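Observations on the three-dimensional arrangement
Chain residues, written in single-letter form:
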Amino acid sequence: MWLPDRDTKKWGRTHPLLQISWTAEKNRKTNKTYLHIVRAIKWWRLEIAEKLPKYPKGYPLEHMVGHLLVDGADLSTAQGIVQVFESFRDKWLLVAKNHQVPVLCDHGVAEHNVLARLSPEDFEGFVEVVSEFAALARQAFNSTAPAESGRLWQQIFGSRFPLPGPSGGDRPVGHFVKPTVAAVPPTSDRFA
Amino acid sequence: MLHPVTSLLRTGVGPVTALEGWKEWRRGFFSLPLVARVTSSPGQSFPAESGWHFIVSSGSYPADIFILPDRVAGPGLTFPHQAAVYHRDGKEPWLNGEPCLTNPTAVFGDRYGSFPEPITLADRLIWKVERFSRWCELAAAGRLHSPGDYFELPPLGGHADPIIIGFHETEGDLVRWTQGSARAGVVRLVSVSSSSKAFAAQSWRTTEDVLLHAPEWGALIKNQSTGEIPAIWFLLKDIPIIGAWQLPRTYRELSERLAAEAINLADTLAVLGRSMRKRNISRPAVIMFGFPVPRFFGDAPSRIHWLAISDVRLTRKDSIRDGFRPTEANRQRFDRELARSGKALSWATCENWAPDQIRTRLRSAPVSQTKMLLIGAGALGSQVAETLMRTGVRDIDVRDRDELAAGNLCRHALDLTMIGVNKAAALAAQLNRLQPDGRARGYDRAFPIIGPDGPETADDYDVILDCTGENKLLRSLLMIPWKSEKLFISLSVNWGAQGLMFWSSRGASFPAVNATERLEALAKKFRPEGLDERIEGIGCWHPVFPADAADIRIWAGMGARYVLDQIGGGPEGCGIYFFNDDRTIGLEHG
């Protein structure tokens, strides 16, 4: 499929179906955690958006996560997040310090570099922030105390991250209230 | 009282004079012989001198005043704007057939002067005789009908209790008749009224009983089985008058008039009589005469009108006449004799019941032909449908699973005779009785029926009208894969029927969630306080909602008006009409 590139005023080749099938395949190979991890990392980016440069985001970010995430049949989402953060730091911190941006080939169209438009400055800023959070994520993952772990994860993903309750669950007590009368199906207030 | 007009008439009011004095027949009943002397235009049959009677009967208030033709010296024929001239029983020297002078605007415009009828008797007599003198002058000049006047049929006269025959002729049908080759045939008359004197011409057939034309009647007339009324028709070139504005009065006059159209009435009666005797039919026959009529005098004909003579008594198989052998040849001879006899004709009242003629009383022209699906034949639905049918929305399919209960009667359009009948079927039957072109159908079925292939499609309809008051119906409309754009209308009343909620939208799908939420919000907002549920009655605690018949009638009227406006292209909307405290009606959009 051909799409116009308005900046270069050229038509570019795309292959969305191959991208989709690559993503599905990746998800299968990672114990169905890949999509969760991408969502989590996109959420994290939004939570701390003011600290981060505007780019990378969207598909380039997703592509980087896919590139970094190691396949594993018993992978968990938390494990994957920690691994992605750490790989990001280990693989690309030095690259970024050298004012370079890695070249990642599009899954659909091999000659496309997904990060072609990402500037070295943005990339450097991004990797620096990732590096800080890589250590935090490792700490949260390794913690064996549920309350402590939850507090650390909240530092990464924000206050919406559910904390473990006293009874070990993640939902407030008293969420279910026994009804006092039997349910009545809603009736209309209209007549004819 | 009588003197002012008498002295005026001595010298003459126009061509009218009175040379004698008033005669008192009995207390309060007077008559005065009048003479009208006019100069007739060439070719006009109004006599140069004619005798009339000025009659005053003070037995009622205001006193009745008539001007009637003299039995001997009167004109003898009926003229335009005159009641049929015929001899009534009695010894009086006058005939029936008063010139129509009373209403200045309805018939004449200001042809006789535009002054309305005065109040005192003396003034009324002068007013009447002045108008009569003008009528005589116009009759003599042949100008009672002027080009541009509404076409008017000759008065029938004579028969005390004529039968009524409805026919269905549109302007489009004129060509069928004038260009077709058939000039005579049989017509199937079906009874439509419990008076058993009103009939409709169901279908027109050739002499060999081959169908020529079945008009677009409604279900009642279309499906009515043919009674045993022997009826034949002739198509004439012109209105069958014998002079002036006079229909034939006797079989002899009719024979002579028909001879001018190359129709032999004697032979016709003989053939008709023979065929009836063969089929053992002994009821009096009907003969219909069709002729092209214009809308206005002087215009080209616009449609066929029919007149009919009824009570044509032909010789029965078992009739015996002294001196004649009871043979078929003799019976035909008797039927032929009827055509030459002076026996009076019984003209039937014939009316055009075509859609554009039967609903002329309506303010707005009949709506374009819309097929409507009405879901819910309850108090509101039944009365909305009734009004729509009377207005000319003639294709209505009704769906309801309920049976009519006695408790429904206090608010429903249906009646006692329908208790225990499915509401949809009963309502459809009722609707078809309302107009001769009513084509309602009722189904004892829920809507929509979900079959193995999914919900039924209802793509025959242009308008989907919901009168169930139920949200589940609105939601089900969403499930149906409509193939074309529909007009969706939902009408319901609130608790206590203090308001009418309406919804309308056009499209190939129904926005059920939007509609139910907005309508329910209105219903809750306008729910009156402190009005308890009613129960069906002792022995049944089924709750029923309280509402008065008067309120339901009002909202049904508003609802029908809303539907008509929507069919006419009104804007889509959602809202409620509600009663203010002083019973004026407010409107809130929701």
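Each residue is numbered by its place in its chain's sequence as written, counting from 1. Throughout, the order in which chains and ligands are written sets their labels, letters from A for the former and numbers from 1 for the latter. Owing to the predicted nature of the model, reporting of local features is limited to residues with pLDDT of at least 70; listing and counting of side-chain atom pairs is limited to 80 or more, with chain, interface and lining totals taken over all residues. With hydrogens and water excluded, all non-hydrogen atoms of the structure serve as input to the side-chain values.

1. Re the overall build of chain A
Threshold: Think of it this way: any DSSP run of H or I at least four residues long counts as a helix, any run of E at least two long counts as a strand, and we number them from the N terminus. With a 1.4 Å probe rolled over the protein chains alone, any residue whose accessible area is under 20% of its type maximum counts as buried; one over 50% counts as exposed, and the rest are partly exposed. Note on definitions: a residue-residue contact is assigned when non-hydrogen atoms from the two residues lie within 4.5 Å. Per-residue and other accessible areas follow the Shrake-Rupley method at a 1.4 Å probe size, with only the shown protein chains counted as cover for residues.
Scanning chain A from terminus to terminus reveals six helices and two strands. The buried share of chain A, reckoned over its 192 residues, is 36%. Taking the contacts inside chain A whose residues are at least 6 apart along the sequence as the reference set, 58% of them involve residues at least 24 apart. A total of about 12000 Å² of accessible surface is found on chain A, and carbon and sulfur atoms cover 58% of it.

2. Section: the overall build of chain B
For clarity, the threshold we go by: Counting rule for charge: Lys and Arg are taken as positive, Asp and Glu as negative, and neither His nor the chain ends is counted. Where a charge lies is defined by one atom per residue type, namely NZ (Lys), CZ (Arg), CG (Asp) and CD (Glu).
Helix and strand counts for chain B come out as 13 helices and 25 strands. C-alpha extents for chain B along the principal axes are approximately 85 × 65 × 50 Å. A total of 590 residues make up chain B; the buried ones form 50% of that total. Within chain B, counting contacts between residues at least 6 apart in sequence, those at least 24 apart form 63% of the total. Split by element, the accessible area of chain B, about 27900 Å² in all, is 52% carbon and sulfur. The averaged location of the 67 negative side-chain charges in chain B is 6 Å from the averaged location of its 68 positive side-chain charges.

3. With respect to the environment of Ile535(B)
Residues and elements named next belong to chain B. For Ile535, the position within the fold is in strand E22 (residues 534-537). Residue classification places Ile535 among the partly exposed residues on the basis of a relative accessible area of 36%. Placed eleven residues apart in sequence, Ile535 and Pro546 show a C-alpha to C-alpha distance of 9.2 Å. Residues contacting Ile535, with those up to four places away along its chain left out, are Cys540, Trp541, His542, Pro543 and Val544.

4. Structural notes on the packing of aromatic side chains
Cut-off, in case you're wondering: Here the aromatic set is Phe, Tyr and Trp, taking the six-membered ring for Trp, and pairing holds for ring centres within 6.5 Å; pairs whose planes are under 30 degrees apart are stacked, those over 60 apart are edge-to-face, and all others are tilted. The criterion is that NZ of a Lys, or CZ of an Arg, lies within 6 Å of the ring centre and within 35 degrees of the ring normal, and then a charge sits over that ring.
The full count for this structure, using the stated rule, is 43 aromatic pairs over all chains. For the pair Phe88(A) and Trp92(A), a centre-to-centre distance of 5.1 Å together with 90 degrees between the ring planes defines the contact as edge-to-face. In this pair, Phe88(A) and Trp92(A) both sit in helix H4 (residues 77-97), four residues apart, roughly one turn of the helix. You can call Phe88(A) buried: its relative accessible area is 3%. With 5.5 Å between their ring centres and 55 degrees between their planes, Phe88(A) and Phe126(A) make a pair best called tilted. Taken as a pair, Phe88(A) in helix H4 and Phe126(A) in helix H5 (residues 120-142) lie far apart in primary sequence, 38 residues in all. Assigned by exposure class, Phe88(A) and Phe126(A) land together as buried. In this structure an aromatic cluster arises from ring pairing among Trp44(A), Phe85(A), Phe88(A), Trp92(A), Phe123(A), Phe126(A) and Phe133(A). The ring of Trp25(B) carries Lys23(B) above its face, with NZ or CZ at 3.9 Å from the centroid.

5. Some remarks on the nonpolar core
Rules: Throughout, nonpolar core names a set of buried Ala, Val, Leu, Ile, Met, Phe, Trp, Tyr and Cys residues whose side chains join them through atoms within 4.5 Å.
By size, the foremost hydrophobic cluster in this structure holds 43 residues, and its most contacted members are Leu388(B), Leu465(B) and Leu491(B). A total of eight residues in this core trace back to one element, the largest contributor, which is helix H13 (residues 549-567) of chain B. Residues within four places of Leu465(B) in sequence aside, it is in contact with Met372(B), Leu373(B), Leu374(B), Ile375(B), Val384(B), Leu388(B), Ile489(B), Leu491(B) and Val563(B). In terms of nonpolar packing, the next biggest core, distinct from the first, is built from 39 residues, Tyr34(A), Val38(A), Leu61(A) and Leu152(A) among them.

6. Regarding the interface of chain B and chain A
Test applied: Buried area is calculated as the accessible area (1.4 Å probe) missing from two parts once they are joined, with the contributions of both summed. In the sections that follow, a salt bridge refers to a side-chain nitrogen of Lys or Arg positioned within 4 Å of a carboxyl oxygen of Asp or Glu. Under the rule applied, a polar contact is a pair of N or O atoms within 3.5 Å (in protein, one hydrogen donor and one hydrogen acceptor; residues adjacent in sequence only if both atoms are side-chain atoms).
Facing 21 residues of chain B, the contacting portion of chain A comprises five residues. Interface area, chain B with chain A, both sides summed: about 1000 Å², of which 52% is carbon and sulfur. Where chain B packs against chain A, one counts two salt bridges. The interface formed by chain B and chain A holds five residue pairs in polar contact (both at pLDDT 80 or more) in total. Secondary-structure elements contributing two or more residues to the side of chain B that touches chain A are helix H9 (379-391), helix H11 (471-479), strand E20 (486-493) and helix H12 (512-525) of chain B.

7. Focus: unusual backbone geometry
Across residues other than glycine, the phi torsion is negative in most instances, and most of the peptide bonds are trans. Put simply, Tyr55(A) and Pro56(A) share a cis peptide bond, and its omega is 5 degrees. With respect to the secondary-structure elements, Pro56(A) resides in the loop between helix H2 (34-47) and helix H3 (58-68). Cis geometry is found at the peptide bond from Tyr61(B) to Pro62(B), where omega equals -10 degrees. With respect to the element layout, Pro62(B) can be found in the loop between strand E4 (49-57) and strand E5 (64-69). In the Ramachandran plot, Asp209(B) falls in the positive-phi region, its phi being about 70 degrees despite a non-glycine side chain. Within the fold, Asp209(B) resides in the loop between strand E8 (198-206) and strand E9 (211-213). Exposure remark for Asp209(B): the relative accessible area of 37% places this residue in the partly exposed category.

8. Focus on the environment of Arg316(B)
Residue and element names in this part refer to chain B. Tracing the backbone shows Arg316 in the loop between strand E12 (301-312) and helix H7 (328-340). Separated by 47 residues in sequence, Arg316 and Leu269 place their C-alpha atoms 12 Å apart. Setting aside chain neighbours within four positions, we find Arg316 in contact with Arg277, Ser282 and Arg331.

9. Brief notes about the packing of H5(A) against helix H6 (residues 146-157) of chain A
Residue and element names in this part refer to chain A. We apply this condition: For helices, the fitted line uses only the C-alpha atoms of the stretch in contact; every axis is such a line through C-alpha atoms, and the angle between N-to-C directions lies from 0 to 180 degrees. Orientation categories follow fixed angle ranges, with anything under 35 degrees roughly parallel, anything over 145 roughly antiparallel, 65 to 115 roughly perpendicular, and all other angles oblique. Left-handed describes a crossing whose near helix is turned anticlockwise from the far helix by less than a right angle; the clockwise case is right-handed. Gly counts as polar in this scheme, as do all residues outside two lists: the nonpolar Ala, Val, Leu, Ile, Met, Phe, Trp, Tyr, Cys and Pro, and the charged Asp, Glu, Lys and Arg.
Across the interface, H5 lies against H6 with an axial gap of 8 Å and an inter-helix angle of 155 degrees. Classified by the interaxial angle, the pair formed by H5 and H6 is roughly antiparallel. Pair H5 / H6 crosses with left-handed handedness. The residues of H6 that touch H5, namely those facing Phe133, Leu136, Ala137, Gln139, Ala140 and Phe141, are Ser149, Leu152, Trp153, Gln155 and Ile156. The class makeup of the residues in the contact of H5 with H6 is eight nonpolar, three polar and no charged.

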